[in-house]
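# Report on the structure
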Amino acid sequence: MLANKRILLIIGGGIAAYKSLELIRRLQDQGAEVVPVLTKAGEEFVTPLSVSALAGQAVHRDLFDLTAEAEMGHIQLSRSADLLVVAPATADLMAKMANGHANDLASTLLLATDTPVLLAPAMNVRMWQHPATQRNLATLLADGVACVGPDEGGMACGEFGPGRLAEPEAIVAAITAKLSDGPLKGRRIVVTSGPTHEPIDPVRYIANRSSGAQGTALARALRDLGAEVVFITGPASVAPPEGVEVVPVETAQQMADAVFAALPADAGVFAAAVADWRVTSASDRKLKKSKDGLPVMEFAENPDILKTVAHLDEGRPGLVVGFAAETNDVVDNATAKRLRKGCDWIVANDVSPATGIMGGSENAVILISDAGAESWPRMDKTAVARQLAERIAAALTDKG
Ligand code: CTP
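Quick caveat: nothing in here was measured; it's all calculated off a predicted structure. (Residues numbered from 1 in each chain as written. Predicted model: local features only at pLDDT ≥ 70, side-chain atom pairs only at ≥ 80, totals over all residues. Heavy atoms only, no water.)

### A short note on the environment of Met-127
As for its placement among the helices and strands, Met-127 is situated in helix α7 (residues 125-129). Under the relative-accessibility criterion, Met-127 is labelled partly exposed at 43%. For the pair Met-127 and Leu-294, spaced 167 residues apart in the sequence, the C-alpha separation amounts to 51 Å. Ignoring sequence-local partners within four residues, the contact set of Met-127 consists of Ala-91 and Thr-133. (Helix = DSSP H or I, 4+ residues; strand = E, 2+ residues; numbered from the N terminus. Buried < 20%, exposed > 50% of the residue type's maximum accessible area, 1.4 Å probe, protein only. Contact = heavy atoms within 4.5 Å.)

### Observations regarding the sheet that holds strand β12 (residues 245-248)
Judged by pairing direction, the sheet is mixed, and its 8 strands sit side by side in the order β12-β11-β8-β13-β16-β17-β19-β20 without closing on themselves. Unpaired on one side and paired on the other, β12 and β20 (372-375) mark the two borders of the sheet. The average undirected angle you get between the axes of adjacent strands in this sheet is 15°. Here 4 bridges tie strand β13 (residues 267-270) to strand β16 (residues 319-326), and the two strands are oriented parallel to one another. Paired with Ala-267 across the two strands is Leu-319, which belongs to β16. Across the sheet, helix α13 (residues 330-341) lies against β16, β17 (345-350), β19 (365-369) and β20, angled at about 150° from β17, the strand it touches most. (Pairing = 2+ DSSP bridges. Axes fitted to C-alpha atoms, helices over the stretch in contact; angles between N-to-C directions.)

### Notes on unusual backbone geometry
A cis geometry characterises the amide bond from Ala-87 onward to Pro-88, with omega recorded as -5°. Relative to the helices and strands, Pro-88 resides in strand β3 (residues 83-89). Cis rather than trans, the peptide bond between Gly-149 and Pro-150 has omega equal to 5°. Structurally, Pro-150 can be placed in the loop between β5 (146-147) and β6 (151-154). Not every positive phi belongs to a glycine, and Asn-4 is a case in point at roughly 65°. Inspection of the secondary structure puts Asn-4 in the segment before β1 (6-11). By relative accessible area, which is 76% here, Asn-4 ends up exposed.

### Remarks on the sheet that holds strand β4 (residues 117-121)
An order of β2-β1-β3-β4-β5 is seen for the 5 strands of this open sheet, with the pairing classed as parallel. The open sheet has two edge strands with one neighbour each: β2 (33-38) and β5. Taken together, the 4 bridges between β3 and β4 define a ladder with parallel strand orientation. Bridging across to β4, Val-86 finds its partner in Leu-119. Docked against the sheet, helix α2 (residues 48-55) engages β1 and β2, running at close to 170° with respect to β2. This element, helix α9 (residues 168-179), spans β1, β3, β4 and β5 of the sheet and lies at about 160° to β3.

### Focus: the side chain of Thr-196
Tracing the backbone shows Thr-196 in the loop between β8 (188-193) and β9 (198-199). Separated by 3.0 Å, the side chains of Thr-196 and Glu-198 make a polar contact. Within the local environment of Thr-196, its side chain forms a polar contact with the backbone nitrogen of Ala-275, the two atoms lying 3.0 Å apart. Ignoring anything within four residues of it in the chain, the contact list for Thr-196 reads Ile-206, Ala-207, Asn-208, Pro-235, Glu-250, Thr-251, Ala-252, Met-255, Ala-273, Val-274 and Ala-275. (Polar contact = N/O pair within 3.5 Å; in protein donor to acceptor, adjacent residues only side chain to side chain.)

### A look at the site of the ligand
Neighbouring the ligand are 15 residues; Phe-270, Ala-272, Phe-323, Lys-337 and Lys-341 lie closest to it. Here an oxygen atom of the ligand and a backbone polar atom of Ala-325 are 3.1 Å apart. Contacts to the ligand include Lys-341, whose side-chain N or O atom sits 2.5 Å from an oxygen atom. For the ligand, the protein covers 79% of the area, taking 570 Å² as the surface of the free molecule. (Near = heavy atom within 4 Å. Areas by Shrake-Rupley, 256 points an atom, 1.4 Å probe, with all protein chains shown as cover.)

### Concerning the packing of helix α10 (residues 213-224) against helix α14 (residues 381-399)
Running from N to C, α10 and α14 cross one another at 50°; their axes reach a closest spacing of 8 Å. Considering the angle they form, α10 stands oblique to α14. Our pair here, α10 against α14, has a crossing hand that is right-handed. In contact with Ala-213, Gln-214, Ala-217, Leu-218, Ala-221 and Leu-222 of α10, α14 contributes Lys-381, Thr-382, Val-384, Ala-385, Arg-386, Leu-388, Ala-389 and Ile-392. Split by residue class, the contact of α10 with α14 holds 10 nonpolar, 2 polar and 2 charged. (Parallel < 35°, antiparallel > 145°, perpendicular 65-115°, else oblique. Left-handed = near helix turned anticlockwise from the far one by under 90°. Nonpolar A, V, L, I, M, F, W, Y, C, P; charged D, E, K, R; others polar.)

Spelled out as structure tokens, the structure:
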């Protein structure tokens, strides 16, 4: 996926620097050439020898290196790549970048470049949360620098919170998304996924059996074709894809708000199993058993996100795709649903328990459009996602 791409990888000084070695491998597996740069602090964590051995070329370390300058000046070095990746991006490197310092090779390359830059920050949680770092991050984002991570979790220093370097897989996905020449490059696609939870009281909720697997696979497939994906997900049981903008929500109302905040988009794909009703009598205290009998719940209808988006006069995505989970008369019900909802396509599937589709790894879908109903053979949800993503790409290309 990254064939013929050259990535200048700047390895900053942090304990997470060891993960940059795996990152080099993974980038090479995708066909990329990795030109490594190691900061002085980085050398304290990984050796120049291991970096250059893995990268298969000399590692750049010094600003004032006569041999390196004679072979390729640092200005040229900073511009010869398709992307500059800083992993780990330390608090210090981010501060230098945000303030335009150029007092070592890494900061000079970052200042001299006209190539896109991707940061993978990693630092202690307090350092990450410090207003100075957050200020620097805001400056860098405003300057057009992209960022992947940091992740949240236990850290080498024993503390817990955001600050861990994103996993190499996530960094590769972010790089691929930035460099992809796929047919969806430059297209923004909103995807909803997973179930929604409608609270009854602070500890109980109404949910459904959706795992989020199909929506997640679809977001990944769209990303792989180069789309900028906004992935709005209810509490799913599968992890969201890397390299997409993840917006976690809980209720249908929150999902609706997130979708409208994410528009405009070239396409909207509504794979979520949205709860049709919410409990209007939801209690802010845990309901107790009582002598007075069973609790009585009142319901109200949730906003129909797909239908509302499909009927927008202004700002309707060029392609609106819904899903139909049916247990009987699948084609008839889904065909009627497409017209009722006003969407361009409906991806229908039979979710009756015997099929094992809801919560399972396979899907057998029928694509319903203006052209009629097209049955696809039963296949892995990833394969369904890929095929659907390709159809979406073709439809958007046709629309121009
Ligand atoms: N959908 C939505 N908002 C809702 C309900 C559903 O966006 N409040 C979307 C789903 O994401 C899916 C499509 O509508 O793309 C159909 O969902 P489904 O549950 O099959 O249909 P319902 O609208 O709930 O209709 P019914 O209950 O009559 O089958």
